[in-house]
Amino acid sequence: MSTRDFEILYKEARLNLEPPSASSVVQIRVAPQSSSSRSNSARPSSNPADDEKAYRAGNLATASSVYYRKHHSSPRGILWRVLENDTVLSLRAADVCKQEKDADAPLILNLRFPSPIRAPCIGFADPEGHDALCVFVVDQANQLYSITLRPDHFRKRLTNDGGVLGDAVKVWSPPGFGFKYPHRLAVVNSDQLIVTMHDGGILRFDRNWSHDATEGTLWKETIYNVAGWGQSLRGLVSFSRGSTIRHDKINMETTAATSTAVTSMDTDFSFLFTACLDHRMRIWDVRSGQILYTGDILNLKRDPQEDSRWTIEPFQNNLIRIVEGSPGQCLVVTYSPIGAGEFKIWKVKANDQGSIHVVDCFPTTPLVPASPSSLDVWTLADFGVARQGEEPELWTMWKNNNTYRVQKLLLHPHNNSPFGDGWKGVSVDNAVPAVQASGPCDPIDSTEKWLGLIFFPGRFSRATLETALAMYEKGLGTYKEASSKAGKNIAEAMCSVLGSTTTLDRNSSGGMDYEQFRGTSETQWMRFWRLLLELDKQRGEALSLVLDPEDGMIWVVCADCAAAVRQCSDMDRIYHNIHAPEKKHEDVAALVSAGLTFVDSFSDSITQLSKAALWAELYEDSAQSEEDRMQQFYDKAGFWRQITDEDAAQVVETLGQSFRIVTPRLYEDLFDLVTSASEANSQELREPFTGLGKKVVVRAVQETIELHWQILFSQLLLLVHMEFEVENEEEVLHSRFDVGAVYKRLVEALRKLDYLKWMIKTELSIPVPKATRSSTVSGSASPTTKRGNEETYAVTVLEGVLGHLLGLPESNMSLLSSITDLVLDLCAPDSSTVLHVWLVQCWLLKRDRPDLALELSPFADQDSFSTYIQGRIFLALRDYDAAAVYFRKASIGLSISSKNPERHSAGLLDDTEWNLLYSGLASYYAHIVSLYDRQKAYSYVVEFSRLALQFVQTASPDAAPLIKAEMLSRLFAASAATSHFDVAHTALLSMDDESMQRSYLRRLVEKMCEGGQNAELINLPFSGLQTKVDDILLEKCKAVKDIVSGVPYHQILYAWRISHNDYRGGAAILLDRLQKLRLAGEGDRVGTDDALDTQVTRQYLLLINALSCVPSKEAYILEDVPVSEVEKPKQDGGEASDDLEDHIGDLAEILDAGMKVHHSGKLDEDEQALVGRMAQFSARSHHSGQPRKFLTLVDVRKQYQQELDRIVAIQNNQFGFTAEDDFMELVA
């Protein structure tokens, strides 16, 4: 292809039109359907297309454009597309920016029609009286649909209730369509439409506001013919009036209008401009139906015998454009597709009476557009006119199959050479990314390389990937509709399918043939890649060129994408016009060209080695000078091995002998091209970007980063080459300027670009906004959100972090240049938008992606807060050791007080956590303790709690007690959880709050008892808390229900009391356990070896042993008396009121004597009575309580003997019964 050398001043940013999530698409039926057709058109198929035909029908639009509303701005632009065999009209907001107070409009409305619609008969209107969008559609069944949509339809799913618009849709079958065929639809306003007919006439529809409208007459029809007369529909008969052209099974009259435009020129009249098949422009007065002007669209005087030569094909619909001017005036541009094609520019004036005056602006100067290539066949498919002051801009779009080019011409109406500036070009965003061959020295796996290339954000749509994979499987013969890919994401399915085509075999020597495996795998991936590219080309078929009359935005709308045109930066202009640069940039262009040409000669392996050496320069700290680092980079990269004499000579030819053109000023000019010259991002935003606008910025940033990286990387290699290429010491670069400083600036700029490159290629999933989430309403084809499975959509890290900061300041600049300035500022080394690495890592941690945050660690700074964030990353990854290292390293910097610390963490730290930073070491370590406590990393909680307590005295007097209490609490809990009971005991003793100490003491005792740490519990001193420990254990003993298999609280309390020399207390708790064992029937469970060895007898022996360890006069305990024994004396007439509490002193004196002479009978009568009553003693409280009695050592021994006798009697089958025994229980 021989391409004309147009100067490139603009470039595209191509965007996918794929919905971000399933919930952002709303399926709406515009008319009731029968049950037979509902299954076909009400819901789209969820299965991916498996061939090219199904892919085109389901995903590629047959017609598409953008409509801009005149009176309302939220949303102002509406992108419409005709999909699915012309049965779906898809609408979405197409605004790049919005007012700060306006809500975004993320929903996509798919209006489903029962019959295919006519794409040329789609129109829109913006009612001035109320904020709504009126949509008018004529389908192939000749029905006219009028649909009214409110802005909330594009914002909230609930507004589209049930997938049916109800009264918002009006359907009417115009009688005029019964014998005339509609060709084009033109909208005058929301109440008036015009349809051009096949016979050259027009049919005007006026909305019927009378009572007849309720009876079905929605519109009033009026027909006008070319002669200008009008009449009602009755008695009108269609007849042919001349030559016709066959189109879509219809004979079209040559007077039929094929392209239309409507304007009022700010008057009280409306005018319809038409370009007709007979190569004439006709201007109609819409109100009267009169033709006010008829003339050739090129203002030619033709021979009537040659009329057939000037006939326009009926499919042409982009032949006339109108640019509004001052009141009563407009500029009209017509295009003739005959021959090479030609434009004609008209100035039209209208007066107050409704008449017009048409003037040819350039009657003697033809305007023939220049095609992109002189060899290939290019067709001008669309054009637009934008007004820039008094000098309009003419934009053209050329097509050659699926390829297109966009050009611009600045018109000078008042100049002798109105078209002297020449055509300027637009760099089309359709470059295929270079694929480097895989080798054994690649830093990443071949599959990982291909996945990164294929899944680069915005490169391919999901439908394209699924269709390509299905077609690839069909080629392998393994495709199944319900295949094993179910449940896999597209990347996993892709790896599974392509991996199945390659096997790892052995080579001739018996080893694994990795080279053959790599080569075969690379071949399969390359085949799939080429299939993807061929399928993706169809998405880029241009359908329309749209100019935003207000913001100056230029759009190329394609079958499944949209390209936003923006102005080139200075670096872009140098790169795209490298062979014909501007005079002021000739030297810089030579330097850039020399670098790019020099690196292009490298092989893939040398390029990889150079990038590996650069990586070390970017991220490894070095104490060497810049000159030494250059030498080290030169040695590691080793590119000098492949530099031929021709390569070196070409550099010398471009830059001069000894590179004399290279100066410090030249490098300053180079850095100025990648340095921000605008402070747009630092100004207050007035118009934030919408979701579509953010995509434009992200795509433009991707392109700019790739271009700047390519240029600066080549300049780095070229600089090193020039430094070491010249051997004459007097001519080397470092003898003329500081080469090391230039090298350092290049490395720093590449480091910033590498950081941004990671941000624009890395995606993650974030939750869908609530307003756009799927609901369970009928008629919605989007899948419903399940509870616990939140619906998400993919977003790049750059958009996620900076999305809310992207926008335009209050400025008069057009969007074409404003977006370029914004993007250049973002990519500049000295950007006004500071993208702190730690802030991005905080954002990723907040969204639970520590794995991605870890990938940013090489870019992280060495300040204290950045170090702290690295610790948070490893903490989230559960690498607690590494996190502790970073936390300790950041402790000093984050503990020193700061006057105005930045409190930006993307929501990772709340105000409470921020208050603990920069407030001393105690507060800092307290914060770290809380972080580890959330992760239940208790050993690190113990470690940092001790550090916090170590520095608690340095905290403020108000904060110190609180920090100490919290740290002791966390230290105790963590120590107890990790069974470090000695540490927990120490923390417990250090607590000042008695209530907290009592609570934690109970937790400690219970934890140790339940964990079987009885010996350690006994050995802990519990200074000042021994009585409380005894009380806790006693309470647990009383609450015991399962005396046999539960926690042995009785034994623990017995051991506790014995260890503290409380033998009587130990005996008392043994007695309680003995009684509970007897109640549990443990006395009747006889052992196999010794019948007398039971739980009860062993307990008696322990009890006797405990009482034997105390002096004889103290060898007694109190035993609870059953209620039945207390009531029995009362029934026998005894003195139940006789209380021995008054004799407690006497009992203490004679107890010992009573024990010694109990069987000799030497006590006097009073003493004998007292001793006798001692056995029945009951100590009662003054109010209530269980009665108790004395139980001496002698009594215990006696009971023990009785227990032994009972066991022996049972063994000998000797059962004794008393009157108290229940005979029925015994029988049972």
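Described below are features of the structure shown in this document. Keep in mind that what you see is a predicted model, and the values were worked out from it rather than measured.

### Comments concerning the overall build of the protein chain
Move 1: The number of helices and strands found in the protein chain is 37 helices and 38 strands.
Move 2: When the 1228 residues of the protein chain are sorted by exposure, 50% land in the buried category.
Move 3: Entry remark: accessible area of the protein chain is about 58900 Å², with carbon and sulfur atoms responsible for 48%.

### Observations regarding the nonpolar core
Move 1: Within the largest apolar cluster, 204 residues are counted, with the highest numbers of intra-cluster contacts made by W555, F639, Y868 and Y932.
Move 2: The dominant element in this core, judged by the number of residues it contributes, is helix 13 (residues 691-725), at 17 residues.
Move 3: Setting aside its immediate chain neighbours within four residues, Y932 contacts L875, Y880, A883, A884, F887, A937, Y940, V941 and F944.
Move 4: In terms of nonpolar packing, the next biggest core, distinct from the first, is built from 41 residues, M265, I312, I356 and V385 among them.

### Quick look at empty space enclosed by the protein
Move 1: The full count for this structure, using the stated rule, is nine cavities of 30 Å³ or more.
Move 2: Its volume calculated, the second largest cavity comes out at about 60 Å³.
Move 3: At the level of secondary structure, the elements contributing two or more residues to the lining of the second largest cavity comprise strand 5 (88-93) and strand 31 (554-558).
Move 4: Here the lining of the second largest cavity is composed, by residue class, of nine nonpolar, no polar and one charged.

### Quick word on the pairing of strand 31
Move 1: Extensive coverage of strand 31 is indicated by the burial of five of its five residues.
Move 2: The alternating pattern of strand 31 places I554, V556 and C558 on one face and W555 and V557 on the opposite face, and all of these are buried.
Move 3: Pairing of strand 30 (residues 542-547) with strand 31, which is carried by five bridges, proceeds in the antiparallel orientation. Residue pairing across strands places S544 opposite V557, the latter belonging to strand 31.
Move 4: Where strand 30 folds back on strand 31, the antiparallel hairpin that results is connected by six residues, among which G552 adopts a positive phi of roughly 75°.

### Side note on the sheet that holds strand 10 (residues 169-172)
Move 1: Taking strand neighbours across the sheet as the criterion, the four strands line up as 7-8-9-10 in an open arrangement whose pairing is antiparallel. Looking at which strands have only one partner, the edges of the open sheet turn out to be strand 7 (117-125) and strand 10. Here the average twist between neighbouring strands, direction ignored, is 15°.
Move 2: Sheet analysis places strand 9 (residues 144-149) next to strand 10, joined by four bridges and oriented antiparallel. The residue of strand 10 that forms the bridge with L144 is W172.

### Notes on the sheet that holds strand 5
Move 1: Taken together, the five strands give an open sheet; going across it, the order is 2-6-5-4-3, and neighbouring strands pair in mixed fashion. Edge strands, defined here as strands with exactly one partner in the open sheet, are strand 2 (25-29) and strand 3 (63-68). Taken over all neighbouring pairs, the strand axes of this sheet differ in orientation by 20° on average, direction set aside.

### Overview of the packing of helix 13 against helix 16 (residues 815-827)
Move 1: Taken N-terminus to C-terminus, the directions of helix 13 and helix 16 make an angle of 55°; their axes are 9 Å apart at the nearest point. Judged by the inter-axis angle, helix 13 sits oblique to helix 16. At the point where helix 13 passes helix 16, the crossing takes the right-handed sense. Together, V696, V697, A700, V701, T704, I705 and H708 of helix 13 and I819, L822, V823, L824, L826 and C827 of helix 16 make up the contact between the two elements.
Move 2: Classifying every residue of the contact of helix 13 with helix 16 gives 11 nonpolar, two polar and no charged.

### Overview of a nonpolar patch on the surface
Move 1: A surface patch of nonpolar side chains, about 230 Å² in accessible area, is lined by L504, M512 and F517.
Move 2: Relative to the elements of secondary structure, F517 occurs in helix 6 (residues 514-537).
Move 3: On the basis of relative accessibility, which here comes to 32%, the residue F517 falls in the partly exposed class.

### Side note on the pairing of strand 21 (residues 291-296)
Move 1: By the bridge criterion, five bridges tie strand 20 (residues 280-285) to strand 21 in an arrangement that is antiparallel. Counted as the bridge partner of M281 is G295 from strand 21.
Move 2: Where strand 20 hands over to strand 21, the hairpin turn is made up of five residues, of which G289 adopts a positive phi near 80°.

### What to know about helix 11 (residues 645-655)
Move 1: If you check which residues of helix 11 are buried, you get D647, A648, V651 and L655. Down the axis of helix 11, the buried side of the element spans an arc of 100°, and every buried residue falls inside it. Facing away from the buried side of helix 11, by more than 90 degrees, are the exposed residues D645, E646 and E653.
Move 2: Where helix 11 is buried, its residues touch helix 8 (586-600) and helix 13.
Move 3: Residue G656 follows helix 11 closely and has a positive phi angle near 95°.

### Some remarks on unusual backbone geometry
Move 1: Omega for the peptide link from S74 to P75 comes to -5°, which places this bond in the cis form.
Move 2: Tracing the sequence through the fold places P75 in the loop between strand 3 and strand 4 (77-83).

### Things to note about the packing of aromatic side chains
Think of a pair of aromatic rings as described by two things: how far the centres are apart, and how the planes are tilted against each other in angle.
Move 1: Scanning all chains against the criterion turns up 47 aromatic pairs.
Move 2: By way of ring pairs, the aromatic residues W838, F865, Y868, Y880, F887, W914, Y924, Y925, Y932, Y940, F944 and F951 are connected into one cluster.
Move 3: Taking NZ or CZ as reference, R321 lies 5.2 Å from the ring centre of F383, over its face.
Move 4: Residue placement shows R1064 over the ring face of Y1116; its charged tip is 4.1 Å from the ring centre.

Parameters at a glance
- Residues numbered from 1 in each chain as written.
- Predicted model: local features only at pLDDT ≥ 70, side-chain atom pairs only at ≥ 80, totals over all residues.
- Heavy atoms only, no water.
- Helix = DSSP H or I, 4+ residues; strand = E, 2+ residues; numbered from the N terminus.
- Buried < 20%, exposed > 50% of the residue type's maximum accessible area, 1.4 Å probe, protein only.
- Areas by Shrake-Rupley, 256 points an atom, 1.4 Å probe, with all protein chains shown as cover.
- Core = buried A, V, L, I, M, F, W, Y, C linked by side-chain atoms within 4.5 Å.
- Contact = heavy atoms within 4.5 Å.
- 1 Å grid on protein atoms, 1.4 Å probe; cavity = no way out; pocket = protein on both sides within 12 Å on 5 of 7 lines; lining within 4 Å.
- Points joined across faces, edges and corners; volume = space filled by probe spheres on them.
- Nonpolar A, V, L, I, M, F, W, Y, C, P; charged D, E, K, R; others polar.
- Pairing = 2+ DSSP bridges.
- Axes fitted to C-alpha atoms, helices over the stretch in contact; angles between N-to-C directions.
- Parallel < 35°, antiparallel > 145°, perpendicular 65-115°, else oblique.
- Left-handed = near helix turned anticlockwise from the far one by under 90°.
- Patch = residues over 30% accessible without salt bridge, like charges linked within 9 Å, V, L, I, M, F, W, Y side chains within 5 Å.
- Salt bridge = Lys/Arg side-chain N within 4 Å of Asp/Glu carboxyl O.
- Arc of directions from axis to C-beta.
- Phe/Tyr/Trp six-rings, centres within 6.5 Å; stacked < 30°, edge-to-face > 60°.
- Lys NZ or Arg CZ within 6 Å of the ring centre and 35° of its normal.

Bear in mind that shape data such as this cannot, by itself, settle questions of function.
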